[in-house]
Amino acid sequence: MLTFIAKRLVQSILVMLTVGLIAFSLFRYVGDPINNMVGQDTSLEERVELKEKLGLNDGFLLQFGRFAVNAAQGNFGFSYQHRRPVSDLIAERLPATLELSLVSAFLAMAIGIPMGVYTAIRRNSWLSHSFMTLSLVGISLPTFLIGILLILLFGVVLRWLPTFGRGDVVQLGWWSTGLLTASGLKSLIMPAITLALFQMTLIMRLVRSEMLEVMRTDFVKFARARGLAERYVNFVVALKNTMVPVITITGLQLGSIIAFAIITESVFQWPGMGLLFIQAVGNVDIPIMAAYLVLIAFFFVVINLIVDMLYVVVDPRLRVDSAGGH
Amino acid sequence: MKADVEKESLLTIEGMRVEFPSRRGHVVAVERLDLTVEPGEILGIVGESGAGKSTIGNAVIGLLEPPGEMTEGTILLKGDRIDHLDDAAQRKIRGARIGMIFQDPLTSLDPLQTIERQLVDTIQRHLNLGEAEARSRAVDLLDQVGIPDPAVRIAQYPHQFSGGMRQRVVIALALCADPEMVIADEPTTALDVSVQAQILDLMKALCRDRQVGMILITHDMGVISETADRVAVMYRGRVVETGTTQQIMSKPNHDYTKSLISAVPRPDKRLKRFPLVTYIEDAEERPEGLNLATHWLGKVREEHKLTGNLVELKDAHMRFITRHSLFPSRRLFLDAVKDVSFAIQPGEVFGLVGESGSGKSTIARMITGIYKPSGGTITFDGTDMTALESRAAAAPFRRQMQMIFQDPFSSLNPRMRVEDIIEEPIHFHKMAYDRQEATQIMHDLLDVVGLGSQAARKFPHEFSGGQRQRISIARALATRPRFLICDEPTSALDVSIQAQVLNLLKDLQSELNLTMLFISHDLPVIRQVCDRVGVMRHGKLLEVAPTETLFTDPQHDYTKHLLKLMPKFRGFRMPELET
């Protein structure tokens, strides 16, 4: 188990270094950092001096090493546009994105898994058929369209929900939360549903097909033949075996929910990292882009590590000390 | 409702009819079935695949695959009618009064729960016991089915048990609530012979000691003859004959039973050919008048006359790494084949016999070059195959050796037509001048294996298992090989089909003067087919001898042990049929 985690950690560090390299190359190849930092009226001498001061004349490896060490400490330098440390900007925006993503992921699982189980067990009921039809809609409509349709219906026509922003937030230390105020919760509903819908249908279809597969196995038949209750067979035997592949996909999806919140955030003007990133792209604000890239990769790596460990917890066959008496 | 017989049977089935409605009308799986089972008795139900054996078992415990339905008849368990009960009432019978044992112990147990959890949950479902009591009962049960150290092993997961041990756990699970009746559906088919014998002994002892009635469903006449008290022979959904095992085995009345028994490879003496099973319909025979001696298949052979051995293994060794590590001392290896040496002469059928994991198939893969040996040499026609560097250099030798695999369902590409499957190796090895010639060869091959050229345009799924194995044989012959490796070619087939396929292989071998390596775990089959035999265990070749010598005068202890386990049809005179 320990060697397994150690191996995964080494792999994770390699991934992070590679992503770091890509992020770092942004500075060198997209625009000129000096040009981005100073105004029109800066003299040539001042530019050369600044270049020397910032260490831009050093060797590639030295510069990358410096970038990696700083990044590991959360220091991504100053935003060109906002003239503030990137880490501060991200810290301000991170809670909004994480709240939105986690609420969406929770929604997707809390609704998707039961729907998948239901459609697998009651394969021919009309409710299953309507779930399947709905899921087709969920999977084929693009996210931004769903967002815009929701805004049109609940924001413009019915005027029930706010169409943009986070509403009122409460500060808990450095974390700002919208979950504790009525307007914050109201603002969260539409973006969260928009972001969750695709994942939900994906999870539902995955759970359904995996469960149908498991229901055909011999051990489920044998459990039935032993007279075990239908509920026990469905939820203890079949569902647990269904969860093994579902965990992997759901874990990966959580990563992409965070990463692809960009679209939802720009539709709802949600003040999260995605919106910050879009604005940064518009203004060629490279430090923010680099930081965002590294941070998202970090989320993916951490989630994957957790998924791998969960796998071992759920499936006894993967535990290394399985050399029982043969 | 009580049956009006003085002495009530444990299980009585009367006039059972099971139908599977489908779009093209109803398929009748079982009809007009009458059976009885007494306490302590083992009733064998024997028949080939599709005969409806398993359907009976499923109907009795009320678990017919939908849309299957029992449309006529009654099932009585100690006089209580148990068909047409609602789900809840059925579940009180399943496990509690009727236990079930399935074929494959590797897939019958939930991989994510410990043995303890599975046993305790099943016990508590049927008996009103607390956690601790249920657990001690579970340990007792494991002890009774012969699992050593039950108190420790109960905490383990299924994957930590071997196949035979898992089947013991499955039996313990079936016995959790002391059922009066056990239905065992092919309980030993997936097991090695030595394990099979142990499991059958265990089941016999349990039936005797607990006075449990058992229905033993199997396709294996050997298992029936060793285990059952009475036998029902099924053919196409009907019981054609019922009787004591003694009577069925030695004086069968029905023609089908006679055919079935005569198709079983005989362990006691070698026949020139398997008896033709006349009763079985759609048995393909090769067209008469196809003289292979003058045919293109036979011709090519002239160019290479050989005096020495065709294939020779010298200290061939195969080592797989099972745990990778940076440190050599922490690496774990599995030596699948340990310094094996043998030689196969031209025109000879050399058999390799052994239990699963003995390294038989690994040898086949080393000879064909799928695995590169980690030591030793493999010589084909005087050339050291292990010294050949490139794939291109090995290609002409590859052409001369072909392989037939065990599973006819997964060894043919389901998306290719039969004509493409057979022509593919011809094109690959550039064996034909043009497309037309390749097509001609393909049609000839289909004739040779007895399928006829109308099979060319079809897809593999349109054929039965035996027909698919014929396609595999045609594909193997397409490159005009001198050396054919058959890896368990008939173990997935019914006995009657097995007899046909083995006859075909024997004919082709002698007519084309093929050299063959024949791998099997089935000793009677080996006796019927091979000229010389090697016995393998744990990667080592223990003994090589001419077939008859090996069977009459085995030298190694393990060979003797294997021969002892072979079903002998003891005490039964096998019916003599004209061959």
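Look a little higher up for the structure.
*Asks:* Give a detailed account of the sheet that holds strand 18 (residues 515-520) of chain B, specifying residues and quantitative values.
*Replies:* Residue and element names in this part refer to chain B. One open sheet accounts for 6 strands, arranged 16-17-18-13-19-20; its pairing is mixed. The open sheet has two free edges, formed respectively by strand 16 (401-404) and strand 20 (540-546), since each of these has just one partner strand. With direction set aside, neighbouring strand axes in the sheet form an average angle of 15°. Of the pairings in the sheet, the one linking strand 16 to strand 17 (residues 483-487) comprises 4 bridges and is parallel in character. Residue Ile404 lies in a different strand from strand 17, and its bridge partner there is Cys486. Relative to strand 16, helix 16 (residues 465-477) is tilted by about 175°, and along the sheet it contacts strand 16 and strand 17. Sheet strands touched by helix 17 (residues 495-512): strand 13 (349-353), strand 16, strand 17 and strand 18. Its angle to strand 18, the strand with the most contacts, is close to 155°.

*Asks:* Which residues make up the pattern of salt bridges, and what are the values?
*Replies:* The full count for this structure, using the stated rule, is 28 salt bridges over all chains. The salt bridge involving A:Glu213 is made with A:Arg216; its shortest N-O contact spans 3.3 Å. The class of A:Arg216 is exposed, set by a relative accessible area of 56%. Its salt-bridge partner being B:Glu131, residue B:Arg117 comes within 3.5 Å of it at the nearest N-O pair. With B:Arg117 in helix 3 (residues 115-126) and B:Glu131 in helix 4 (residues 131-144), the pair connects residues that are 14 residues apart, well separated along the chain. Taking relative accessible area as the criterion, B:Glu131 reaches 39% and is therefore assigned partly exposed. Taken together, the salt bridges that share partners define one network made up of B:Arg17, B:Glu19, B:Glu31 and B:Arg238.

*Asks:* Go over the packing of aromatic side chains with me, naming the residues and quoting the values.
*Replies:* Within the structure shown, the criterion is met by 13 aromatic pairs over all chains. Aromatic side chains A:Phe67 and A:Phe76 sit 6.4 Å apart centroid to centroid with 70° between the ring planes, which places their arrangement in the edge-to-face category. Like A:Phe67, the residue A:Phe76 is buried in the burial classification. Relative to B:Tyr256, the ring of B:Tyr235 has its centre 4.3 Å away and its plane inclined at 35°; by these criteria the two rings are tilted. Here B:Tyr235, found in strand 9 (residues 230-235), pairs with B:Tyr256, found in helix 10 (residues 255-263); they are 21 residues apart in sequence, far enough to count as distant. B:Tyr256 shares its class with B:Tyr235; the two are buried. Site record: aromatic cluster; members linked through ring pairs are A:Phe24, A:Phe64, A:Phe67 and A:Phe76. The lysine or arginine in question, B:Arg153, covers the ring of B:Phe161, its NZ or CZ lying 4.2 Å from the ring centre. Against the face of B:Phe333 rests B:Arg319, its NZ or CZ located 4.3 Å from the ring centre.

What counts and what doesn't
Residues numbered from 1 in each chain as written. Chains lettered and ligands numbered in written order. Predicted model: local features only at pLDDT ≥ 70, side-chain atom pairs only at ≥ 80, totals over all residues. Heavy atoms only, no water. Pairing = 2+ DSSP bridges. Helix = DSSP H or I, 4+ residues; strand = E, 2+ residues; numbered from the N terminus. Axes fitted to C-alpha atoms, helices over the stretch in contact; angles between N-to-C directions. Contact = heavy atoms within 4.5 Å. Salt bridge = Lys/Arg side-chain N within 4 Å of Asp/Glu carboxyl O. Buried < 20%, exposed > 50% of the residue type's maximum accessible area, 1.4 Å probe, protein only. Phe/Tyr/Trp six-rings, centres within 6.5 Å; stacked < 30°, edge-to-face > 60°. Lys NZ or Arg CZ within 6 Å of the ring centre and 35° of its normal.

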